[in-house]
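Residue-level structural notes
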Amino acid sequence: MLKAILRNETGLVDQCSESKMSEATLLEPGTVIRPIIDHEGVKLLVERLYGISVLELTEMNGYDDKNYKIIEDPNVKNPLITNHSPHGYVLKIMNSMDSKNVSFVEAQNEIMNFLLTRSVTCPKPVRNVFGHLHSVENIGGKQHVVRLLEFVPGELLKDVPKSEALFYQLGEFVANLDNKLQNFNHSGLVSREHMWMLTKVPDLEKFKYVIKDTEKLDLVEEVIEEFKYAIVPRLDELQKGVIHGDINEMNILATSKIPNSKSDYRISGVLDFGDIQYSYYVFELAITMTYVMLLSGDPRSGGLVLAGYTVNRRLPDDEYRLLKTLISARLVQSLTLGAYSIVQDPNNHYVTSTEKADGWGFLKKLRKSKPNPEDDPTDWKAIANEYLTRS
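Keep in mind that what you see is a predicted model, and the values were worked out from it rather than measured. (Residues numbered from 1 in each chain as written. Predicted model: local features only at pLDDT ≥ 70, side-chain atom pairs only at ≥ 80, totals over all residues. Heavy atoms only, no water.)

**Things to note about the overall build of the protein**
We apply this condition: Only DSSP runs of H or I with at least four residues qualify as helices, and only runs of E with at least two residues qualify as strands; both kinds are numbered from the N terminus onward. Burial here depends on accessible area, computed with a 1.4 Å probe over protein chains only, as a share of the maximum for the residue type. Under 20% is buried, over 50% is exposed, and the range in between is partly exposed. Any two residues having at least one pair of non-hydrogen atoms within 4.5 Å are treated as being in contact. Values of accessible area rely on a 1.4 Å probe in the Shrake-Rupley scheme; residue burial ignores everything except the protein chains shown.
On a plain count of helices and strands, the protein comes out with 11 helices and 11 strands. The 391 residues of the protein split such that 59% are buried. Counting contacts in the protein only where the partners sit at least 6 residues apart, residues at least 24 apart contribute 78% of the total. Total accessible area computed for the protein in this model is approximately 15500 Å², and 49% of it derives from carbon and sulfur atoms.

Structure follows, in structure tokens:
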């Protein structure tokens with residue numbers, strides 16, 4: 001879900017938004033679930049739970065969570081942290097709704113450790129002074145899960161030069177990630193539900209009241225209805241497994257093969273496991289394509305992601321035909337929930353990044369334009385085949 005502006009478990013933005021809207025009970029309009037804590041409270045929390053004396057503290061972007069980049073005082077060490085992270089840490093304070101599902105928190109920690117042992121670069125959970133990978137703390141009168149992760153250095157995809165090769169590599173990377181996750185199972189994912197799952201697009205009916213523009217509202221309603229009749233009846237036919245659930249330009253890392261160079265970047269890692277779910281592989285692909293196309297401003301770039309993805313994972317033709325509806329649905333989901341969240345918290349500009357990337361304009365182009373059949377920028381299969389042939 002296009003997020004925006006700082007950087008996170010990588011450089012400073014999206015090792016942050018480890019979760020978004022809800023859990024066993026879906027978010028209802030008007031519910032306040034974000035942690036309320038000041039910087040002094042954070043420093044005391046880190047010292048008490050992790051024995052870390054904070055030298056530098058920087059608040060990072062987050063959707064419904066609070067996230068902080070921490071540099072520890074080198075003179076004060078927690079003996080339980082045997083390998084100190086040279087790049088610092090990220091303290092994550094989860095929203096009060098997701099904090100009710102401790103099993104899902106455990107699933108996030110386990111999936112990161114699972115991937116780390118399979119050569120996937122991602123954040124590493126850190127044990128607290130009690131030997132646990134998380135704790136539940138009373139903060140501002142509500143119960144919030146608190147965790148610490150090692151900060152992963154690197155540059156976010158949004159900040160590096162864009163190229164056809166990079167988007168192709170992203171498709172390869174995501175398919176490879178999904179392939180590895182075929183061997184991951186956790187009870188915390190079985191019944192998890194939250195508003196950022198694509199399966200919850202019909203529930204956007206409850207939030208569409210925040211869209212005041214008539215033309216935009218018409219688009220939202222059109223996509224919701226199309227999702228209901230084109231996607232929902234087909235769900236039982238789709239390939240299913242554990243997916244990341246929110247591959248976007250804010251939680252993919254890229255590094256240059258040439259030290260200190262600003263060229264020849266390659267996809268190197270992944271952040272933010274707050275949307276992991278047992279869901280549909282074609283959803284993972286559609287979400288990835290959505291954010292790449294928004295990032296590049298070019299619908300054709302979706303074909304490059306598709307090219308890389310299908311090299312490592314087969315996509316059945318009947319699932320390919322669902323992509324345009326699924327991409328439209330993700331745009332509507334991000335735009336609607338972003339508009340709702342800014343009403344709830346006007347200072348949280350992180351939630352409106354899809355709108356800032358002209359998500360409405362892209363959605364309108366996707367739904368309303370009549371492309372030349374011989375040069376259709378949304379004929380992603382043809383674009384993928386052309387790239388593979390050329391490469």
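**Examining helix α4 (residues 214-230)**
The cut-off we apply is this: Working rule for helices: expected span equals 1.5 Å times residues minus one. Throughout, the arc means that of the directions going from the helix axis to the C-beta atoms. Here a polar contact means two N or O atoms within 3.5 Å. Within protein one must be a hydrogen donor candidate and the other an acceptor candidate, and residues neighboring in sequence count only if both atoms are side-chain atoms.
End to end, α4 covers 24 Å across 17 residues, agreeing with the expected 24 Å (1.5 Å per residue, within 8%). Listing the buried residues of α4 in full gives L219, V220, V223, I224, E226, F227 and A230. Projection of α4 onto a plane perpendicular to its axis shows the buried side chains occupying an angular sector of 165°, all on one side. Summarising the geometry of α4, the exposed residues directed more than 90 degrees from the buried face are T214 and Y229. Buried residues along α4 sit in contact with α8 (323-344) and α10 (359-368). Here α4 starts with a cap whose side-chain oxygen sits 3.0 Å from the backbone nitrogen of E215, and that cap is D213.

**Regarding the packing of helix α6 (residues 301-312) against helix α11 (residues 380-390)**
The criterion, for reference: Every axis in this analysis is a line fitted to C-alpha atoms, fitted for helices over the stretch in contact. Angles between the N-to-C directions lie between 0 and 180 degrees. Any angle between 65 and 115 degrees counts as roughly perpendicular, while under 35 counts as roughly parallel, over 145 as roughly antiparallel, and the rest as oblique. Here a crossing is called left-handed whenever its near helix is offset anticlockwise from the far helix by less than a right angle, and right-handed whenever the offset is clockwise. Residues are grouped as follows: Ala, Val, Leu, Ile, Met, Phe, Trp, Tyr, Cys and Pro are nonpolar; Asp, Glu, Lys and Arg are charged; all remaining types, including Gly, are polar.
Put simply, α6 and α11 touch, their axes get as near as 8 Å, and they point 70° apart. The angle between α6 and α11 falls in the class roughly perpendicular. α11 is crossed by α6, and the crossing has right-handed handedness. On α11, the residues that touch G302, G303, L304, L306, A307 and V311 of α6 are W380, K381, I383, A384, Y387 and L388. For the contact of α6 with α11, the residue count by class is nine nonpolar, two polar and one charged.

**Examining the packing of α4 against α10**
At a closest axis distance of 11 Å, the pairing of α4 and α10 adopts a crossing angle of 55°. Regarding the angle of α4 to α10, the classification is oblique. Between α4 and α10 the crossing geometry is left-handed. Each of E215, K216, L219, V220, E222, V223 and E226 in α4 lies in contact with α10, whose residues at this interface are W360, L363, K364, R367 and K368.

**A closer look at the environment of E319**
On the secondary structure map, E319 appears in helix α7 (residues 317-320). Judged by its relative accessible area of 2%, E319 falls in the buried class. Separated by 82 residues in sequence, E319 and E237 place their C-alpha atoms 9.1 Å apart.

**Side note on helix α2 (residues 102-116)**
Relative to the 21 Å expected for 15 residues at 1.5 Å per residue, α2 spans 22 Å between its end C-alpha atoms, a close match to the ideal helical length. For α2, the complete set of buried residues consists of F104, V105, A107, Q108, N109, I111, M112, F114 and L115. Elements that come into contact with the buried residues of α2 comprise β4 (125-126), β6 (142-150), α3 (164-181) and β8 (240-243).

**Section: the confidence of the model for the protein**
Where we set the bar: Scored between 0 and 100, pLDDT is the confidence that the predictor attaches to each residue.
On average, the protein scores 87 in pLDDT, and the residues at 70 or more come to 86%. Low confidence marks residues 1-25, where pLDDT is under 50. Its contacts with residues over four positions away, or in another chain, come to 174 contacts.

**Quick look at the sheet that holds strand β9 (residues 252-256)**
Spelled out, the test is: Here, strands pair whenever DSSP counts at least two bridges between them.
Strand order in the open sheet made by the three strands is β7-β9-β10, with antiparallel pairing throughout. Unpaired on one side and paired on the other, β7 (155-156) and β10 (265-270) mark the two borders of the sheet. Two strands pair when backbone bridges link them, and β9 and β10 are joined in this way by five bridges, in the antiparallel orientation. Each bridged residue has a counterpart across the sheet, and for T255 the counterpart in β10 is R266.

**Comments concerning the pattern of salt bridges**
Stated formally: When a carboxyl oxygen of Asp or Glu is within 4 Å of a side-chain nitrogen of Lys or Arg, the pair counts as a salt bridge.
Tallied over the full model, the rule gives 18 salt bridges. Of the charged contacts in the structure, one is a salt bridge between R367 and E222, with a shortest N-O distance of 3.0 Å. Pair noted here: R367 is in helix α10 and E222 is in helix α4, with a separation of 145 residues, a long-range link. Here E222 falls in the partly exposed class, since its relative accessible area comes to 30%. The shortest N-O distance in the salt bridge between R234 and E237 comes to 2.7 Å. A relative accessible area of 22% places R234 in the partly exposed class. It is possible to trace a salt-bridge network through shared partners that takes in E205, K208, E221, E225 and K228.

**Here's the deal with the pairing of strand β5 (residues 135-139)**
Remark: a regular strand shows side chains that alternate across the two faces of the sheet. By the alternation rule, side chains of β5 split into S135, E137 and I139, which are all buried, and V136 and N138, of which none is buried. Relative to β6, β5 runs antiparallel, the two being bridged by five bridges. Paired with N138 across the strands is Q143, a residue of β6. Count of turn residues in the β5/β6 antiparallel hairpin: two residues, of which G140 carries a positive phi of about 65°.

**Examining the side chain of D65**
As a reminder of what qualifies: Positive charges come from Lys and Arg, negative ones from Asp and Glu, while His and the chain ends are left out of the count.
Within the secondary structure layout, D65 lies in the loop between β1 (54-60) and β2 (66-72). Of the side chains with opposite charge, K92 lies nearest to the buried D65, which makes no salt bridge, at 5.5 Å. In terms of polar contacts, D65 uses its side chain to reach the backbone amide nitrogen of N95, at 2.8 Å.

**A look at the packing of aromatic side chains**
The description of two aromatic rings rests on the distance between their centres and on the angle between their planes. We count it as follows: Only centres within 6.5 Å qualify two rings of Phe, Tyr or Trp (six-membered ring in Trp) as a pair; their planes then separate them into stacked at under 30 degrees, edge-to-face at over 60, and tilted for everything else. Only Lys NZ and Arg CZ are tested; either one counts as a charge over a ring when it is within 6 Å of the ring centre and within 35 degrees of the ring normal.
Taken as a whole and judged by the stated rule, the model has four aromatic pairs. Taken together, a centroid distance of 5.2 Å and an interplanar angle of 40° make the contact between Y168 and Y387 tilted. With Y168 in helix α3 and Y387 in helix α11, this pair connects stretches of sequence that are 219 residues apart. Judged by relative accessible area, which is 9%, Y387 ranks as buried. Ring centres of F207 and Y340 lie 4.9 Å apart, and the angle between their planes is 75°; this geometry places the pair in the edge-to-face category. One end of the pair, F207, is in the loop between α3 and α4; the other, Y340, is in helix α8, with 133 residues separating them in the sequence. Geometry around Y281 places R313 over its ring, the cationic atom sitting 3.9 Å from the centre.

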